[in-house]
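Structural overview for review
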Amino acid sequence: MDAKGRVLDKYNARVYKNRKEHVLVKATGDQPQVIAANTRVIPGIMTHRGCCYAGCKGVVLAPIKDVAVITHGPIGCGFYSWGTRRNKARPGEDGKNFVEYCLSTDMQEADIVFGGEKKLRQAIKETVEIFDPGMIMVCSTCPVGLIGDDIHAIAAEAEELYNRPVMAFSCEGYKGVSQSGGHHIANNGLIKRVLGTGSGTRIKHAINILGEYNIGGDGWEIGRILKKCGYHVVSVMTGDGSYKEMQEAHTAELNIVQCHRSINYIAEMLKTKFGTDWIKVNFVGAESTAQSLRDMALYFGDQELIDRTEEVIAEEMEEVAADMEYYRTRLKGKTAALYVGGSRAHHYQLLLQDFGIDTILAGYEFAHRDDYEGRDLTEEIKEDADSKNIESITVSPDPDKYHLRLTPEQFEELKTKIPLDTYPGMIRDMKDGAVIVDDLNHFETEEFLKLLKPDIFFSGIKDKYVAQKGGTLSRQLHSYDYSGPYAGFKGAVNFGRDVTMGIYTPAWGFVTPPWKHTPTLVGTYGGDF
Ligand code: CFM
């Protein structure tokens, strides 16, 4: 029996039937493989997923430094989405940086019984008085949706009263099946009220960076390289981002997409509304960074830019060559398992390849089928009740700002050379026999680690310590365990150094988990129901 069979064998028939669709072994050859994704977790299974509010407020909106984002809900929700993600930000032009703050209505039991609208009005008032932000956003948590506080009416009222945009997001935690629904809600709000609402006109070689959240300073490193190549970065969505910059998003000639999962809706809507093409990039990994820079230069087709890009790649590669080579000698032939949200389990495989590390298992928490299989799916993604629960908006071309850079012929020709308006997905880049798991749960994590014995397990705070107590080194790919940046050429060296330090720390060999010497309880998972 292969690893998939051995792990899933412990489930009862009903759980097995569900989970077998979410686990794949990469087959030889290029035939497309289908995986089940973006569906509900089976009740009782210990998932690693987050909630809709986390995706909307925590992931997409919170990094916008000049917007005061108020959490309408119990304090735990605000706290959780405040300190746990390392989306770094520096004060903007106006000297403001709200990323450092946690603004919450701190709902109590009495507010849930009698309604929380009064408290929200008061919170907006205090926010204006204390911080005077140019824009305010309000995000709902579960109880708000359950008791029916009308945050949209309050936002509209406050907008009049305080004479500034106040946006409301109905991103109650329970909406959808994971944080992914929250990304979509945040994307919708930004396109409706913020993106491209400014008055600027197109700028040569200007780009927007989409789906880059400046974790551990990644965005700053990417920005440095892009500026060196000669690009003008209009806005970053949303790491160290600014709503004022996003208002000028229509002035960019190209949108580049780092994290497809969290922001593909905006990429598509900007294309429809302003005619701006997007390409999928990956600045994680030195080779990947070089490839992405070349793809971007090819999009513009400007010889000067192409030459400058080659110079920058040569210069940056030269600078890191000795370090990369040293870490490669230390890491070549090691194996890794990765389990992250909706894009990093793919991107980091490419960085691991720079060091000769093989990925033997990769999983996503909340990706959709297109993140695994590519956007050109062999069959349509079926809509279910949960996906219909998230509003899907359609936009139309802006009468004044719509502009196509390429002719249809140029577009088609370029599409054969670069990932233009598309993303090929993670599975394509994986080796034969590698295991791909959607919504990898606690039980499967432990079992796969025991069976596959990777040298390192890249994951997050929820499973890191379980893995390490079992003797497998683990590093967090969400927060980088307080290190980073890991993006770009120099980031690749940081990563190589951190992984080398971890793997060559003998501590993991001293750990003897109980299951190695004492019989532990054995049973079927899930019971009969
Ligand atoms: Fe995109 Fe992200 Fe990710 Fe994501 Fe996230 Fe994150 Fe992530 Mo943690 S936006 S999908 S919801 S790359 S917070 S910066 S690391 S799970 S793989």
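Residues numbered from 1 in each chain as written. Predicted model: local features only at pLDDT ≥ 70, side-chain atom pairs only at ≥ 80, totals over all residues. Heavy atoms only, no water.

Some remarks on the site of the ligand
- As a structural note, the neighbourhood of the ligand is formed by 14 residues, with R85, C259, G341, S343 and H478 the closest of them.
- Considering only residue class, the shell around the ligand consists of six nonpolar, six polar and two charged.
- Taken together, domain 1 (52–193) and domain 2 (195–320 + 380–420) each give at least three residues to the shell around the ligand, which thus spans both. (Near = heavy atom within 4 Å. Nonpolar A, V, L, I, M, F, W, Y, C, P; charged D, E, K, R; others polar. Domains from an automatic or database assignment.)

So, the pattern of salt bridges
- For the coordinates displayed, the defined rule picks out 38 salt bridges.
- Between D386 and R40 there is a salt bridge, with its nearest N and O atoms 2.7 Å apart. In this pair, D386 sits in helix 17 (residues 385–388) while R40 sits in the loop between strand 1 (23–25) and helix 3 (52–61), placing the two residues 346 residues apart along the sequence.
- Between R405 and E253 there is a salt bridge, with the nearest N and O atoms lying 3.5 Å from each other. Placement of R405 in the loop between helix 17 and helix 18 (408–415) and of E253 in the loop between helix 11 (243–246) and strand 8 (254–257) is noted, with a sequence separation of 152 residues between them.
- Linked by salt bridges that have partners in common, E221, R224, K228, E315 and E316 make up one network. (Salt bridge = Lys/Arg side-chain N within 4 Å of Asp/Glu carboxyl O. Helix = DSSP H or I, 4+ residues; strand = E, 2+ residues; numbered from the N terminus.)

Details of the packing of helix 10 (residues 218–229) against helix 13 (residues 286–300)
- Here helix 10 crosses helix 13 at 40°, and the two axes come no closer than 12 Å. When the axis of helix 10 is compared with that of helix 13, the two are oblique. Both helix 10 and helix 13 take part in a crossing whose hand is right-handed. Along the contact surface, helix 10 presents I225, L226 and C229, while helix 13 presents T289, L293 and M296.
- Classifying every residue of the contact of helix 10 with helix 13 gives five nonpolar, one polar and no charged. (Axes fitted to C-alpha atoms, helices over the stretch in contact; angles between N-to-C directions. Parallel < 35°, antiparallel > 145°, perpendicular 65-115°, else oblique. Left-handed = near helix turned anticlockwise from the far one by under 90°. Contact = heavy atoms within 4.5 Å.)

Describing the domain arrangement of the chain
- Structurally, the chain comprises domain 1 (52–193) and domain 2 (195–320 + 380–420).
- Computed over C-alpha atoms, the centres of domain 1 and domain 2 are 27 Å apart.
- The partner domain 2 presents 33 residues to the 30 residues of domain 1 that form the contact.
- Both sides together, the interface formed by domain 1 and domain 2 hides about 2,800 Å², and carbon and sulfur atoms give 60% of it.
- When residues of domain 1 are sorted by the area they lose upon contact with domain 2, K88, H184 and I191 head the list and together hold 23% of the total.
- Taken together, the connections running from domain 1 to domain 2 amount to three salt bridges.
- Note that D94 is salt-bridged to K244, the shortest N-O span being 3.9 Å. (Buried area = accessible area lost by both parts, 1.4 Å probe.)

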